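# Chains, contacts and geometry: an overview
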Amino acid sequence: MSATNLPDTSQPDATPDASRERDRWAASADAWDRWADPMADLADKLNRPLLDAAGLTEGQRLLDLASGAGEPALSAARRAGPDGLVVGSDLVPGMMAGAVRRARSVEGPAPAFTAADMTALPFADATFDGVTCRFGIMFVPAVDSALREVRRILRPGGKAAFMVWGPRAGNGLFSEIGDAVADHLGEDGSLDPLFRFATPGLLSDLMRSAGFVESSEIELTPVRKAPAGQPFWRAALDMSFGHRLGGLSADRRLALEADIARRFEAQAVDGIVPVPSHARIVVGW
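All of these numbers come straight from a predicted model, not from anything done at the bench.

## Some remarks on the nonpolar core
Nonpolar side chains in soluble globular proteins generally cluster together in the buried interior. Counting 64 residues, the largest nonpolar core has Leu63, Ile137, Phe162, Ile177, Leu203, Trp233 and Leu237 as the members making the most contacts within it. If near-sequence neighbours (up to four positions away) are discounted, Phe162 is found in contact with Leu50, Cys133, Ile137, Leu147, Val150, Leu203, Met207, Arg280, Ile281 and Val282. Membership of the second largest hydrophobic core comes to 14 residues, among which are Val86, Met96, Ala99 and Phe113.

Structure (structure tokens):
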């Protein structure tokens, strides 16, 4: 399989649950595209340990699931080099608009992008050396089906590496923004899927049930130091709650953002806001 003969999956089949997820992310697609370039350096700090865990080396073939605006597929293509192949996929074609745009300006190897439902991947058995998914597996209703598909398209000895969020309490950015949105707009559970695999070992158990013979977990708990008074939280607000913000009046949007800013400024020490995060990389062979 080459980048030029990828399957045509512009309208992938989907279950009703998958269709609901597609609608949610379609409403946030513009925000992901808009923030992709400003967030590139921060994204790379997550991409590197994920690609390390997947064991990606030059000349290999890798499938990146839930690529969104192109991460970590763009970074992966540089590692795989001209003799490798990286395919980025997403359930929502519109989510990849930013990825396609960014790939055009890449010097050197670039990923191919195609729409795909990870519970019914349009690839032959044993096609890829590795699979990555950064903060996407949590949103798949039929996780067991997705994991079996990932195992099917991996070559013998291949690795799958999933990055998921740890507990909400350990992720200050989501915790504060989520509380503010709930106070202003009501709680609708939008953030609940993010922490679906917050419990250690949960995703590993599911991977073994899907046929992976071995698994491991890596904890990442960095603390970002953000300048007080700067809207460092705005990207997370737009990308996580874009589906709720579109119909807000300007006054309500301003009130919400002012509340979020106050919450973080109250945590500042010497002009710096500590923003803890907790992610986990789960690897299966």
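## Let's talk about the packing of aromatic side chains
Under the criterion given, the structure shown has five aromatic pairs. Arranged with centres 5.0 Å apart and planes meeting at 65 degrees, the rings of Phe232 and Phe264 form a pair that is edge-to-face. Placement of the pair is Phe232 in the loop between β7 (223-227) and α8 (234-245) and Phe264 in helix α9 (residues 250-265), with a sequence separation of 32 residues. Judged by relative accessible area, which is 12%, Phe232 ranks as buried. Residue class for Phe264 comes out buried when judged on its relative accessible area of 2%.

## Describing the sheet that holds strand β9 (residues 279-284)
Spatially, β3-β2-β1-β4-β5-β9-β6 is the arrangement adopted by the seven strands of the open sheet, whose pairing is mixed. What marks the edges here is a single partner per strand, and that holds for β3 (112-115) and β6 (215-220). Pairwise comparison of adjacent strand axes, ignoring direction, gives a mean angle of 20 degrees for this sheet. In terms of strand pairing, strand β2 (residues 85-90) meets β3 through four bridges, oriented parallel. When the bridges of β3 are listed, Val87 appears paired with Ala112.

## Re the confidence of the model for the protein
In the predicted model, the protein carries a mean pLDDT of 90, and 88% of its residues have values of at least 70. Taken as a whole, residues 1-5 scores under 50 in pLDDT and shows 10 contacts with residues more than four places along the chain or in a different chain. Of the regions scoring below 50 in pLDDT, residues 7-16 engages in 18 contacts with residues more than four places distant in sequence or in other chains.

## Looking at the side chain of Asp90
Relative to the elements of secondary structure, Asp90 occurs in strand β2. Reaching out from Asp90, the side chain makes a polar contact with the backbone nitrogen of Ser67 at a distance of 3.5 Å. If near-sequence neighbours (up to four positions away) are discounted, Asp90 is found in contact with Ala66, Ser67, Gly68, Met95, Met96, Thr114, Ala115 and Ala116.

## Let's talk about the environment of Gly136
Along the polypeptide, Gly136 turns up in the loop between β4 (128-134) and α5 (143-153). Residues Gly136 and Ala66 lie 70 residues apart in sequence; the distance between their C-alpha atoms is 5.3 Å. When sequence neighbours within four positions are dropped, the list of residues in contact with Gly136 reads Ala66 and Met163.

## Regarding the packing of helix α6 (residues 172-185) against α8
Between α6 and α8, the shortest axis-to-axis distance is 10 Å and the interhelical angle comes to 25 degrees. Classified by the angle their axes make, α6 and α8 are roughly parallel. Judged by the sense of rotation from one axis to the other, the crossing of α6 with α8 is right-handed. Between α6 and α8, the contacting residues are Leu173, Phe174, Ile177, Gly178, Val181 and Leu185 on the first element and Ala236, Leu237, Ser240, Phe241, Arg244 and Leu245 on the second.

Rules and cut-offs
Counting starts from 1 at the beginning of each chain's written sequence and moves along it residue by residue. Side-chain atom pairs in this predicted model are given and counted only at pLDDT of 80 or more, local residue features only at pLDDT of at least 70, and totals for whole chains, interfaces and linings cover all residues. Side-chain metrics in this entry use all non-hydrogen atoms of the structure; hydrogen atoms and water are not considered. What makes a nonpolar core is a set of buried Ala, Val, Leu, Ile, Met, Phe, Trp, Tyr and Cys residues whose side-chain atoms join them at distances within 4.5 Å. For every residue, the accessible area obtained with a 1.4 Å probe (protein chains only) is divided by the maximum for its type, and the residue is called buried under 20%, exposed over 50%, and partly exposed between those limits. Residue contacts are defined here by distance: any two heavy atoms, one from each residue, within 4.5 Å place the two residues in contact. Two aromatic rings, drawn from Phe, Tyr or Trp (for Trp, its six-membered ring), form a pair once their centres lie within 6.5 Å of each other, and the interplanar angle then sorts them: stacked below 30 degrees, edge-to-face above 60, tilted otherwise. Segments assigned H or I by DSSP are reported as helices when at least four residues long, segments assigned E as strands when at least two residues long, and all are numbered from the N terminus. By this definition, two strands are paired if DSSP reports at least two bridges between them. Axis lines are fitted through C-alpha atoms, for helices just across the contact stretch, and the angle between N-to-C directions can take any value from 0 to 180 degrees. For every residue, the predictor reports its confidence as pLDDT, a number between 0 and 100. Polar contacts here mean pairs of N or O atoms no more than 3.5 Å apart (in protein, one a potential hydrogen donor and the other a potential acceptor; neighbouring residues in sequence count only if both atoms are side-chain atoms). The scheme is simple: roughly parallel for angles under 35 degrees, roughly antiparallel for over 145, roughly perpendicular for 65 to 115, oblique for anything else. Crossing handedness is read from the near helix: turned anticlockwise from the far helix by less than a right angle, it gives a left-handed crossing, and turned clockwise, a right-handed one.

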